[in-house]
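# Geometric and topological summary
Each chain is listed here by its residues.
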Amino acid sequence: MGSLLLLGISVSAIFFLLLQQPEQSSSAIILSLKKRHGSSGSSGNQYSSSRPSAGFQGNRSTCSLFLGTWVRDNSYPLYKPADCPGVVEPEFDCQMYGRPDSDYLKYRWQPQNCNLPTFNGAQFLLKMKGKTIMFAGDSLGKNQWESLICLIVSSAPSTRTEMRRGLPLSTFRFLDYGITMSFYKAPFLVDIDAVQGKRVLKLDEISGNANAWHDADLLIFNTGHWWSHTGSMQGWDLIQSGNSYYQDMDRFVAMEKALRTWAYWVETHVDRSRTQVLFLSISPTHDNPSDWATSSSSGSKNCYGETEPITGAAYPVSSYTDQLRSVIVEVLHGMHNPAYLLDITLLSSLRKDGHPSVYSGLISGSQRSRPDQSADCSHWCLPGLPDTWNQLLYTLLIY
């Protein structure tokens, strides 16, 4: 496609020129991705290489933090939303909004050949004293951010805190320890600019967002879900790649281009001797019971009514989720000093029971009567699964 410049040209003219161009061969691009990333099977072998950074209870040489099983543990959950007032937002507070069951709160992750240490908020505060922690990404990152705050506050309740919510930046401070823990909303990580009333997703530019990140001592990134949105949920009107503009392109290709821009920024702007960088892998959805090993226990068309984890040896990762994860893995492997992959995809795929479903403050009463259309099977209840993500983060940082 020929180069187009936005300066001095109307958006209507851009659309006219776009529509004159032949469509990209997305099938060829997807085939290329499959060849590079491998097939989309859900075998655990491709996920088993991650290891803890240091020893803890278990066999260091054979421990696989991200492979294992969910076991019932009546000492769970690790906190209640009341332990961290004002932190858990309505969209994640499932018990507050009428979820009738509670067994989903009673499961602990058991990795292969090791045990996760108990989360100790006081120890975390001492380890991170004087530091800045930044979560950057989409609402799954916010899910994890709120979880980590609650884990710390509930186990160290006497520390003074301060919270400020904003857009795109929300901040929580532990005043007695000089710790700032923030969430920065950037669903694609790269920049989106408004041009003549249109949202332009710039796959090669990140400085607008990254200006908020560069002073952090710990960076936890994520992206994924927004790349699949279409229609009214789509996050852009135009995509810019180089000097070319597209109404749309293959989503895997667009995501990979954006992640390579992010990776270049990390390599060139982050002092890795001071700043730790982690990347949260794809958090799976449970919108289609055919994606998991057994039929829906509730007879629902999605996660609605699911009350227990998936059991068995298979990890029910959908082909689409696996391909998204593969894009992240390929980009990280291409980095000179790769970010650490917090590889939660497989363990999360087993938790079809952990989503808000219709028990969210963002879902109205009339919507709750139509769970097949309205259930939230993307985010996670709090307390819930993101607490395990943060137990893994704690293990990697402390041990």
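Placed above this text is the structure.
These notes cover the structure that comes with them.

Rules behind the numbers
- Sequence order as written defines residue numbering, which begins from 1 separately in each chain.
- Given that this is a predicted model, residues contribute local features only at a pLDDT of at least 70 and side-chain atom pairs are listed and counted only at 80 or more, while totals for whole chains, interfaces and linings are drawn from all residues.
- Just so you know, side-chain values use all the structure's heavy atoms and leave hydrogens and water out.
- Here, strands pair whenever DSSP counts at least two bridges between them.
- Helix and strand definitions follow DSSP, with helices as H or I runs of at least four residues and strands as E runs of at least two, each counted in order from the N terminus.
- Angles here are taken between N-to-C directions and fall from 0 to 180 degrees, while the axes themselves are lines fitted to C-alpha atoms, restricted in helices to the stretch in contact.
- Residue burial is assigned from relative accessible area. The probe radius is 1.4 Å, only protein chains are included, and a residue is buried under 20% of its type maximum, exposed over 50%, and partly exposed in between.
- Whether two residues touch is decided by their heavy atoms; if any such pair falls within 4.5 Å, the residues are in contact.
- A pair is scored as a salt bridge if a Lys or Arg side-chain nitrogen falls within 4 Å of a carboxyl oxygen belonging to Asp or Glu.
- Two cysteine sulfur atoms form a disulfide, by the criterion used here, when they sit within 2.5 Å.
- Angular relationships are summarised with four words: roughly parallel below 35 degrees, roughly antiparallel beyond 145, roughly perpendicular across 65 to 115, and oblique for the angles in between.
- Put simply, a crossing is left-handed when the front helix is turned counterclockwise from the back one by less than a right angle, and right-handed when it is turned clockwise.
- Only buried residues count toward a nonpolar core, which is a set of Ala, Val, Leu, Ile, Met, Phe, Trp, Tyr and Cys residues joined through side-chain atoms within 4.5 Å.
- Classification of ring pairs rests on two measures: the distance between centres of Phe, Tyr or Trp rings, Trp counted by its six-membered ring, which must be within 6.5 Å, and the angle between planes, read as stacked under 30 degrees, edge-to-face over 60 and tilted in between.

## A closer look at the sheet that holds strand 13 (residues 340-342)
Spatially, the seven strands line up as an open sheet ordered 4-5-6-3-9-12-13, and their pairing is mixed. The two strands at the open ends of the sheet, each matched to only one other strand, are strand 4 (161-164) and strand 13. The sheet shows a mean angle of 15° between the axes of neighbouring strands, taken without regard to direction. Note: strand 5 (residues 169-174) against strand 6 (residues 179-185), six bridges, orientation antiparallel.

## Re the side chain of Ser348
Structurally, Ser348 is set in helix 8 (residues 345-349). Looking at Ser348, the relative accessible area reads 0%, which means it is buried. In contact with Ser348, other than residues within four places in its own chain, are Pro284, His286, Trp380, Leu385 and Trp389.

## Comments concerning the pattern of salt bridges
When the charged atoms of two side chains with opposite charge come close together, those side chains can pair. Enumeration over the complete set of coordinates arrives at 18 salt bridges. Glu256 serves as the salt-bridge partner of Arg260, at 2.8 Å between the closest nitrogen and oxygen. On the criterion of helical spacing, the pair formed by Arg260 and Glu256 is a turn pair, its members being four residues apart in helix 6 (residues 251-269). A salt bridge links Arg351 to Asp353, with the shortest nitrogen-to-oxygen separation between them at 2.9 Å. The buried category is assigned to Arg351, whose relative accessible area is 3%.

## As for the sheet that holds strand 8 (residues 198-202)
In spatial order, the strands read 7-8-10-11; together these four strands make up an open sheet with mixed pairing. At either margin of the open sheet sits one strand with a lone partner, and together these are strand 7 (191-195) and strand 11 (244-246). If you compare each strand with its neighbour and ignore which way they point, the axes differ by 30° on average. Here strand 7 pairs with strand 8 via five bridges, running antiparallel. Directly across from Asp193, in strand 8, lies its bridge partner Val200.

## Section: the state of the cysteines
Overall, the coordinates contain four disulfides when judged by the stated rule. One disulfide bridge connects Cys63 with Cys114, the sulfur atoms lying 2.1 Å from each other. As the torsion about the S-S bond is roughly 45°, the Cys63-Cys114 disulfide counts as right-handed. Taken together, the residues span a long stretch of sequence, with Cys63 in the loop between helix 2 (26-37) and strand 1 (64-72) and Cys114 in the loop between strand 2 (107-112) and helix 3 (121-127) at a distance of 51 residues. Given the relative accessible area of 1%, Cys63 is considered buried.

## Structural notes on the packing of helix 6 against helix 7 (residues 319-333)
Two numbers describe how helix 6 lies on helix 7: the axes approach to 9 Å, and their chain directions differ by 30°. When the interaxial angle is binned, helix 6 and helix 7 end up roughly parallel. Taken as a pair, helix 6 and helix 7 cross one another with a handedness that is right-handed. Where helix 6 abuts helix 7, its residues Arg251, Phe252, Met255, Glu256, Leu259, Arg260, Trp262 and Ala263 lie against Tyr320, Gln323, Leu324, Val327, Ile328, Glu330, Val331 and Leu332.

## Some words on the environment of Leu259
Assignment of secondary structure puts Leu259 in helix 6. Between the C-alpha atom of Leu259 and that of Leu203, which follows or precedes it by 56 residues, the distance is 8.4 Å. Not counting residues within four places of it along the chain, the set of residues in contact with Leu259 comprises Leu189, Thr223, Phe279, Val327, Ile328 and Val331.

## Structural notes on the nonpolar core
Within the largest apolar cluster, 57 residues are counted, with the highest numbers of intra-cluster contacts made by Phe124, Ile133, Met181 and Leu347. If we ignore the near neighbours within four places in the chain, the residues touching Leu347 are Phe66, Trp70, Trp109, Leu385, Thr388, Trp389 and Leu392.

## A word on the packing of aromatic side chains
By the definition in use, this model includes 15 aromatic pairs. Ring centres of Trp213 and Trp265 lie 5.5 Å apart, and the angle between their planes is 85°; this geometry places the pair in the edge-to-face category. Of the two residues, Trp213 is situated in the loop between helix 5 (207-210) and strand 9 (218-221) and Trp265 in helix 6; the sequence distance between them amounts to 52 residues. Each member of the pair, Trp213 together with Trp265, is buried. With 6.2 Å between their ring centres and 70° between their planes, Tyr394 and Tyr399 make a pair best called edge-to-face. Taking relative accessible area as the criterion, Tyr394 reaches 1% and is therefore assigned buried. A relative accessible area of 30% places Tyr399 in the partly exposed class.

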